[in-house]
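Observations on the model geometry
The residues making up each chain are set out below.
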Amino acid sequence: MAEFENSFSWSKTRDDLFQQCKRKYYYNHYGFWGGWTLDVDKRIREMYILKNLKTRQMWLGDVVHGAVEEILNGLRVKPEVALNITLNNLRRRMAEDLESSRKGLYRMRPKWECGLFEHEYKFEIPDSEWNKILKNAQVMVTNFVGSDLFHYLKSTDVNDWLPIEEMQSFRFEGIPIFLKIDFALRKGEKLIIYDWKTGKMDEIGEDIQLGCYSLYASEKWGANPNNIVIKKYSLSTNEELKAKMDDKKIGKVKEYIRNSIRCMKESLYDKENNKAREEDLSLIHISEPTRPLYISYAVFCLKK
């Protein structure tokens, strides 16, 4: 069997890490490599474990997105939604995740068991805070099912819904670009992409992520960029923000990705084989009180 290679790719999340802290970027995309095996160097294994941690806010977003996906997939086969079953599944998953994280099971199965940042770093989070997260998750899912948007989606033909995979990708100038689209459908000549939000709703401006959605839709679904509409939808407030892409915006997105890729590759000591060195990617200097919150994984200087 061929050896699993760490090949170069790009995503907006990867770009965000690179902009935030070069050392954090190294840990997340290079230092951890091979850490999924138990017999690897302990430091590499530790990077892999910490890389998979989530904050409680990230965890909330994941479980709510999963519940909304479950609901929409259910509509593909039957017109009615059993909200009580979805909420029961959500509560069960969250209870199992919390128990698993508290027990530290993620240290043996970091890819498959939920590991929360707050438990790894032994933050004192009161039960009332965890209960609030559970309640917020249920409220968001219930809001979605009662929203005008959901009733609109129910009225559409599921044959117009586009297939959504766990992770999508397309190639840009030979480089794989990864992204995750939450939901998309065709409406006449238009293609509408939805991006569910569980946190703060940012204003839509020159959003690179939205541009990536448009590029993917153009390549994979044959959509004309001028006919693509992208909507950010808040699952907590039912607020909706809409953006329409055009050739000028897409051109700016392409230039941004091109420059980001160039900078990332310049940080490599072996560009052809996608090899990086820890000492070539500097650790950002931030104040000690905020450091554990800022770099939630792989800051081994804090563990020495």
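Residues numbered from 1 in each chain as written. Predicted model: local features only at pLDDT ≥ 70, side-chain atom pairs only at ≥ 80, totals over all residues. Heavy atoms only, no water.

1. Brief notes about the overall build of the chain
The helix and strand inventory of the chain stands at 11 helices and 6 strands. The C-alpha atoms of the chain give 21 Å as radius of gyration, which agrees with the globular expectation for 304 residues (19 Å, within 12%). Taking the principal axes of its C-alpha atoms as reference, the chain extends roughly 55 × 50 × 45 Å. Out of the 304 residues belonging to the chain, those deemed buried represent 46%. Pairs at least 24 residues apart make up 66% of the contacts formed inside the chain by residues separated by at least 6 positions. Carbon and sulfur atoms make up 50% of the accessible area of the chain, which totals about 16500 Å². (Helix = DSSP H or I, 4+ residues; strand = E, 2+ residues; numbered from the N terminus. Rg over C-alpha atoms; globule rule 2.2 N^0.38 Å. Buried < 20%, exposed > 50% of the residue type's maximum accessible area, 1.4 Å probe, protein only. Contact = heavy atoms within 4.5 Å. Areas by Shrake-Rupley, 256 points an atom, 1.4 Å probe, with all protein chains shown as cover.)

2. Overview of helix H1 (residues 12–20)
Along H1, the residues that are buried comprise Lys12, Arg14, Asp15, Leu17 and Phe18. The inward-facing, buried residues of H1 abut helix H2 (22–31), helix H9 (208–221) and helix H10 (247–266).

3. Quick notes on a positive patch on the surface
Residues Lys187, Lys190, Lys242 and Lys244 make up a contiguous surface patch of positive charge. With respect to the helices and strands, the residue Lys187 is situated in strand E3 (residues 183–187). Given a relative accessible area of 48%, Lys187 falls into the partly exposed group. (Patch = residues over 30% accessible without salt bridge, like charges linked within 9 Å, V, L, I, M, F, W, Y side chains within 5 Å. Salt bridge = Lys/Arg side-chain N within 4 Å of Asp/Glu carboxyl O. Lys, Arg positive; Asp, Glu negative; His and termini not counted. Charge placed at Lys NZ, Arg CZ, Asp CG, Glu CD.)

4. Examining the pairing of strand E2 (residues 175–179)
In terms of residue burial, E2 counts as a mostly covered element, since 4 of its 5 residues are buried. When strand E1 (residues 168–172) meets E2, the two strands line up antiparallel, connected through 5 bridges. What sits directly across from Phe172, in E2, is Ile175. The turn linking E1 back onto E2 is made up of 2 residues, and Glu173 within it adopts a positive phi angle of 50 degrees. (Pairing = 2+ DSSP bridges.)

5. Here we look at the packing of aromatic side chains
For any two aromatic rings, the description comes down to two numbers: the centre-to-centre distance and the angle of the planes. As enumerated under the stated definition, the model contains 21 aromatic pairs in all. Here the aromatic rings of Phe183 and Trp196 are separated by 6.4 Å at their centres, their planes lie at 25 degrees, and the arrangement is stacked. Here Phe183 is found in strand E3, whereas its partner Trp196 is found in strand E4 (residues 190–197), with 13 residues between them in sequence. Look at Phe183 and you get buried, because its relative accessible area is 2%. (Phe/Tyr/Trp six-rings, centres within 6.5 Å; stacked < 30°, edge-to-face > 60°.)

6. Here's the deal with H9
Given a rise of 1.5 Å per residue, 14 residues ought to cover 20 Å, and the 19 Å separating the end C-alpha atoms of H9 matches this to within 8%. Here H9 lies mainly inside the structure; 11 of its 14 residues are buried. The N-capping residue of H9, defined by a side-chain oxygen 2.9 Å from the backbone nitrogen of Gln209, is Asp207. Just past H9, the residue Gly222 takes up positive phi, approximately 65 degrees. (Expected span 1.5 Å × (residues − 1). Polar contact = N/O pair within 3.5 Å; in protein donor to acceptor, adjacent residues only side chain to side chain.)

7. Observations concerning the sheet that holds E3
Pairing within the open sheet is mixed, and its 4 strands lie in the order E3-E4-E5-E6. Taken across any chain shown, the strands that pair with only one partner, and hence form the sheet edges, are E3 and strand E6 (240–244). If you compare each strand with its neighbour and ignore which way they point, the axes differ by 20 degrees on average. Here E3 pairs with E4 via 5 bridges, running antiparallel. Note on E4: the bridge partner recorded for Arg186 is Leu191. Relative to the sheet, helix H8 (residues 148–155) contacts E3, E4 and strand E5 (228–234), its axis offset from that of E4 by approximately 140 degrees. With respect to the sheet, H9 is in contact with E3, E4, E5 and E6, its orientation differing from that of E5 by roughly 135 degrees. (Axes fitted to C-alpha atoms, helices over the stretch in contact; angles between N-to-C directions.)

8. Here's the deal with the state of the cysteines
Considering all chains together, one arrives at 0 disulfides under this definition. The closest cysteine sulfur to the non-disulfide-bonded Cys212 is located on Cys263, 16 Å from its own sulfur. Assessed through its relative accessible area of 1%, Cys212 is described here as buried. (Disulfide = S-S within 2.5 Å.)

9. Description of the confidence of the model for the chain
Per-residue confidence for the chain gives a mean pLDDT of 88, with 91% of residues at or over 70. For the stretch residues 287–304, pLDDT sits under 50, and the model shows 41 contacts to residues farther than four places along the chain or on other chains. (pLDDT = per-residue confidence, 0-100.)

10. What to know about the packing of H2 against helix H3 (residues 42–51)
Packing of H2 against H3 leaves a shortest axis separation of 9 Å and a crossing angle of 105 degrees. With respect to H3, the element H2 is oriented roughly perpendicular. Across the interface between the two elements, Tyr27, Asn28 and Gly31 of H2 pack against Arg43, Ile44, Met47 and Lys51 of H3. For the contact of H2 with H3, the per-class residue count stands at 3 nonpolar, 2 polar and 2 charged. (Parallel < 35°, antiparallel > 145°, perpendicular 65-115°, else oblique. Nonpolar A, V, L, I, M, F, W, Y, C, P; charged D, E, K, R; others polar.)

11. Some remarks on unusual backbone geometry
The backbone phi angle of Glu173 is positive, close to 50 degrees, even though this residue is not glycine. Positionally, Glu173 belongs in the loop between E1 and E2. Look at Asn238: it is not a glycine, yet its phi comes out positive at around 65 degrees. If you trace the backbone, Asn238 turns up in the loop between E5 and E6.

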